[in-house]
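# Structural description and commentary
Chain by chain, the residues:
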Amino acid sequence: MPVPASLQFRDGRLPVTAAFSIHVQGSTDRRLEEALRRMLRRLEGRTSLTLSREPAEPQKATLVLEVKGPGNALPTLGDDESYSLEVDGSRATLRATQTVGALRGIETMLQLLQGDRDGWYLPAVTISDRPRFPWRGLLIDVSRHWMPMDVLKRNLDGMAAVKLNVLHLHLTDDQGFRVESRRFPELHEQGSDGLYFTQEQVRELIAYAADRGIRVVPEFDMPGHVTSWLVSHPELASVMGPYSIQRKWGIFDPTLDPTRDQVYAFLDAFLGEMAQLFPDPWMHIGGDENTGNHWRLNPAIQSFMAQHRLADAHALQAYFDDRVAQLLQKHGKRMMGWDEILHPTLPRDAVVQTWRGPKALAESARQGYSGILSWGYYLDHMLPAGLHYTVDPLPADGKRMSEEANRWIPVSWYHRFQFKPPEVAIPEKNAVHVLGGEACMWSEFVDAETIDSRLWPRLTAVAERLWSPRNVTDVKDMYRRMARISVQLEEHGLMHERIGEVLLRRLAGSNEIGPLRALANLVEPVKFYDRPVQFQEATQGMPLTRLVDAARPESLEARALWSSVDDLLSDAPRFDRGAERLTRTFHQWREFHPELRQLLDNSPALHEARPLADALLLMAQTGLEALASLESGTTPRPGWREEALQRLNEAARPHGQVELATLQPLRELVLAAALQPEASALPAAAWQARVKAEALAAIPKPPEKKK
């Protein structure tokens, strides 16, 4: 994972024993040597074998690498990441044009490792692989919540494992200025609470990423999202200060004043310093979510706009962007920004990062600008991996893509949000401008302890979408492989599989958390931006240690339950397949309820989850009633359907910003019991489709907002 461009399994296997050895032919460099050392350590960790570090003769080597040249010393857009891998009964041969291609091939080989009663081995295989898109990134917001070096390093290792190649660091925002400036030290001294990267740490991070074939792109958000800048430099603001670091979440009014030369002189010096620190050709200026309110409040700015015939805030921001672009060009950098930077005078070498959707990406491509897609890849929205997987920067069929994506819309958002096909298709002649995409992890509700569980393993789905051929679309198979890769990712120190248990033990104050674990596995955090809406008291200093922080973004147990319900419905009118599993599950929910309630009662931090435990008990009762009806072949009593659906609607209410993820399969069970008489008259597939359609129709619509 990602699936290679071409893969053919053959008969045979290559044993991996303590005699495993390596020979490198052609070019080698320090990056490749270090990558091979890491590979051997990881092989040892999985196999418990002690492996030699001494180079082998080519005819005796288990792995032969043939690399034509080292390529660029620092990762660069357009590097040749292609490789081929052939494994037979005598050796594995990995060929690449550049070192970075060898790095990608090493990761594939490590994923192929298998074991059985006869020992460890690599299956015989022929692979020819290259990425579909050259820009495959992850944005990590280190401003709202600080992420120290060890967090970034372990996630860089995870990114390399799934062939991502850009780390986008969101370094400044209203809540923090996170990089050392020696030219203006007051920026990080007063705007960071002492939590920032020194320039030496930045260089260390860039080198660490480069060793793994990953670029580092910095973002300094402007002209909005600049409160942390203005703490030390209120003279740059559109409205007189003083300012203090923003501790809450949202879109705020403070902006740089785009009408004064003093602002550009300051940015010239600062961006020049950062250009020397960050070697990547692109520098991201943000440019998003500027309210324009402070510009409207400043008479001097309004006068400037009138004098220069700037009709609105968008036109004034275009003026600002043009001047900043000139500064970046002066310092040898190209501009990158969010959708809002797109305007007719934008430099042709700029990259537009799209958060607004396929239409915005198509428009930037139509105008000849390179673009990357982030819409649909916001991991902080807590959406299922299956949804992210169906979002394609260049879909073959926009209608099919939207229909598949809508299957994965969280039930609680079913009536509020639908993926729509692109309104503007991207013609083949413009497709060359679509460089790829970036997943985004905004950090309002993640910190250094929980970020891994919000990134992984769902990020692997985005990584595959950006690397693998467009026709690799089997969601079920993606989940199968994602589960395997998730375990392998732990060897990098990633905490995504462990942190939930840590938080649950902390909340319970005990190791005896079986019922609490069962509840946590059946709930998910509320989606999109419902969490700050439901908990408006949230601040930067709020501990992220509640049940909502321990819950996975996507409940694997809920997926398994839904699979069991699908098995049962597909077996109509007999209803044998899956019935035993479902009965056992519902009995378990009912049996652990008393112990669960005691755990929740004994921990004040868990009191908010008590209604969820009671709701789960009602769901167990409802599920058992529906199964009894299906198994006995009797129609439920009059009024039962309405009563059961009402119970489920009440159980659907979120508490503590989490919601039960098992509601929709229960609705399907209820509708199956109610529609049982028709099961004998219709083909099983048609009857199952009717049940699912009525279950979707039974989802209550949210109340309309008052105008």
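For the structure, see preceding data.
I will try to describe carefully the structure that is included in this document.

Analysis parameters
Residues numbered from 1 in each chain as written. Predicted model: local features only at pLDDT ≥ 70, side-chain atom pairs only at ≥ 80, totals over all residues. Heavy atoms only, no water. Helix = DSSP H or I, 4+ residues; strand = E, 2+ residues; numbered from the N terminus. Rg over C-alpha atoms; globule rule 2.2 N^0.38 Å. Buried < 20%, exposed > 50% of the residue type's maximum accessible area, 1.4 Å probe, protein only. Salt bridge = Lys/Arg side-chain N within 4 Å of Asp/Glu carboxyl O. 1 Å grid on protein atoms, 1.4 Å probe; cavity = no way out; pocket = protein on both sides within 12 Å on 5 of 7 lines; lining within 4 Å. Points joined across faces, edges and corners; volume = space filled by probe spheres on them. Nonpolar A, V, L, I, M, F, W, Y, C, P; charged D, E, K, R; others polar. Phe/Tyr/Trp six-rings, centres within 6.5 Å; stacked < 30°, edge-to-face > 60°. Lys NZ or Arg CZ within 6 Å of the ring centre and 35° of its normal. Axes fitted to C-alpha atoms, helices over the stretch in contact; angles between N-to-C directions. Parallel < 35°, antiparallel > 145°, perpendicular 65-115°, else oblique. Contact = heavy atoms within 4.5 Å. Pairing = 2+ DSSP bridges. Right-handed = clockwise from strand over helix to strand, strands pointing away. Expected span 1.5 Å × (residues − 1). Core = buried A, V, L, I, M, F, W, Y, C linked by side-chain atoms within 4.5 Å.

### Brief notes about the overall build of the protein
When its secondary structure is counted, the protein shows 28 helices and 18 strands. Over its C-alpha trace the protein gives a radius of gyration of 27 Å, about what one expects of a compact globule, namely 27 Å for 707 residues. A principal-axis box enclosing the C-alpha atoms of the protein has dimensions of 80 × 75 × 55 Å. Residue burial in the protein is summarised as follows: out of 707 residues, 59% are buried.

### Describing the pattern of salt bridges
Enumeration according to the criterion identifies 58 salt bridges in this entry. In this structure, the salt-bridge partner of Arg-144 is Glu-444, at a minimum N-O distance of 3.3 Å. With a gap of 300 residues between them, Arg-144 in the loop between strand 8 (135-141) and helix 3 (149-161) and Glu-444 in the loop between strand 16 (434-441) and helix 15 (451-455) connect regions that are remote in the sequence. An identical accessibility class is assigned to Arg-144 and Glu-444; each is buried. A salt bridge links Arg-481 to Glu-464; its shortest N-O distance comes to 2.7 Å. With Arg-481 in helix 17 (residues 475-488) and Glu-464 in helix 16 (residues 458-467), the pair connects residues that are 17 residues apart, well separated along the chain. What makes Glu-464 buried here is its relative accessible area of 0%. A single network of salt bridges, built from pairs that share partners, joins Arg-42, Arg-46, Glu-107 and Glu-491.

### Re empty space enclosed by the protein
A full pass over the atoms with the stated rule returns 4 cavities of 30 Å³ or more. What the largest cavity holds in volume is close to 140 Å³. Around the largest cavity, the lining comprises 13 residues; the ones closest to its centre are Arg-38, Arg-42, Glu-107, Ala-160 and Arg-212. Of all the secondary structure elements, the ones that give two or more residues to the lining of the largest cavity are helix 1 (30-47), helix 2 (99-112) and helix 3.

### Describing the layout of surface pockets
Put simply, the second largest pocket is a space of about 860 Å³. Taken together, 36 residues line the second largest pocket, and the ones lying closest to its centre are Tyr-378, Asp-380, His-381, Glu-444 and Tyr-529. Listing elements by their share of the lining of the second largest pocket, those giving two or more residues are strand 9 (166-173) and helix 20 (530-534). A class-by-class count of the residues in the lining of the second largest pocket yields 22 nonpolar, 5 polar and 9 charged.

### Description of the environment of Ala-300
Along the chain, Ala-300 falls in helix 9 (residues 299-307). For Ala-300, a relative accessible area of 51% corresponds to the exposed category.

### Observations regarding unusual backbone geometry
With an omega dihedral of 10°, the bond running from Met-1 to Pro-2 counts as a cis peptide bond. Summarising the element assignment, Pro-2 is placed in the segment before strand 1 (6-16). Between Ala-572 and Pro-573 the backbone carries a cis peptide bond, its omega angle lying at 5°. By the secondary structure assignment, Pro-573 is in the loop between helix 22 (556-570) and helix 23 (579-591). The backbone phi angle of His-225 is positive, close to 55°, even though this residue is not glycine. Looking at the element boundaries, His-225 is found in the loop between strand 11 (215-222) and helix 6 (227-230). Given a relative accessible area of 2%, His-225 falls into the buried group. One non-glycine residue, Gln-657, adopts positive backbone phi at about 60°.

### A look at the packing of aromatic side chains
Pairs of aromatic rings are described using the distance from one ring centre to the other and the angle between the two planes. Under the definition given, this model contains 19 aromatic pairs. With a centroid separation of 6.2 Å and an interplanar angle of 70°, the aromatic rings of Phe-220 and Phe-278 are classed as edge-to-face. Here Phe-220, found in strand 11, pairs with Phe-278, found in the loop between helix 7 (261-277) and strand 12 (282-286); they are 58 residues apart in sequence, far enough to count as distant. Look at Phe-220 and you get buried, because its relative accessible area is 0%. Ring pairing ties together the aromatic residues Phe-177, Phe-220, Trp-229, Phe-270 and Phe-278, which thus form one cluster. Above the face of the Trp-135 ring, Arg-215 is positioned so that its terminal group lies 4.2 Å from the ring centre.

### Looking at the packing of helix 9 against helix 10 (residues 313-330)
A packed helix pair is summarised by two numbers, namely the angle formed by the two axes and the spacing between the axes. Relative to each other, helix 9 and helix 10 sit at 85°, their axes nearing to 11 Å. Between helix 9 and helix 10, the interaxial angle falls into the category roughly perpendicular. Residues Ile-301, Phe-304 and Met-305 of helix 9 pack against Ala-313, Leu-316 and Tyr-319 of helix 10. Looking at the contact of helix 9 with helix 10 residue by residue, the classes come out as 6 nonpolar, no polar and no charged.

### A look at the pairing of strand 14 (residues 351-354)
The side-chain alternation of strand 14 yields two buried faces, one formed by Val-351 and Gln-353 and the other by Val-352 and Thr-354. Here strand 13 (residues 334-338) runs beside strand 14; their pairing, made up of 3 bridges, is parallel. In the strand pairing of strand 14, Met-336 is matched with Val-351. As paired strands, strand 14 and strand 15 (residues 370-373) are joined by 4 bridges and run parallel to one another. When the sheet's bridge partners are listed, Val-352 is paired in strand 15 with Gly-371. In this region the chain leaves strand 14, passes through helix 11 (residues 358-366) and returns to the parallel neighbour strand 15; the handedness of that crossover is right-handed.

### Looking at helix 25 (residues 610-632)
Counting along an α-helix, one turn takes 3.6 residues, and residues three or four places apart therefore face a common direction. In this model, helix 25 (23 residues) spans 34 Å end to end at C-alpha, consistent with the 33 Å of a helix rising 1.5 Å per residue. One or two residues past the end of helix 25 sits Gly-633, with phi positive at roughly 75°.

### Structural notes on the nonpolar core
Soluble globular proteins tend to pack their nonpolar side chains together in the buried interior. The biggest cluster of nonpolar side chains holds 102 residues, and the ones touching the most others in it are Phe-220, Met-222, Trp-229 and Leu-267. By residue number, the principal contributor to this core is helix 7, which donates 9 residues. With residues near it in sequence (within four places) discarded, Phe-220 still touches Leu-171, Thr-172, Val-179, Trp-229, Phe-270, Leu-271, Met-274, Phe-278, Met-283, His-284, Ile-285 and Gly-286.

### As for the packing of helix 24 (residues 593-602) against helix 25
Packing of helix 24 against helix 25 leaves a shortest axis separation of 9 Å and a crossing angle of 170°. One element, helix 24, and the other, helix 25, form an angle in the roughly antiparallel class. Where helix 24 approaches helix 25, its residues His-593, Leu-596, Arg-597, Leu-600 and Asp-601 are matched on the opposing element by Arg-610, Ala-613, Asp-614 and Leu-617. Split by residue class, the contact of helix 24 with helix 25 holds 4 nonpolar, 1 polar and 4 charged.

### Some points on the side chain of Glu-668
Positionally, Glu-668 belongs in helix 27 (residues 663-674). With a relative accessible area of 3%, Glu-668 lands in the buried category.

### Comments concerning the environment of Asn-521
Its place among the elements puts Asn-521 in the loop between helix 19 (514-520) and strand 17 (523-525). In this structure Asn-521 comes out as partly exposed when scored by relative accessible area, which is 23%. When the C-alpha positions of Asn-521 and Ser-555 are compared, they lie 5.9 Å apart, and in sequence the two are 34 residues distant. What Asn-521 contacts, discounting residues up to four positions off in sequence, is Ser-555 and Glu-557.

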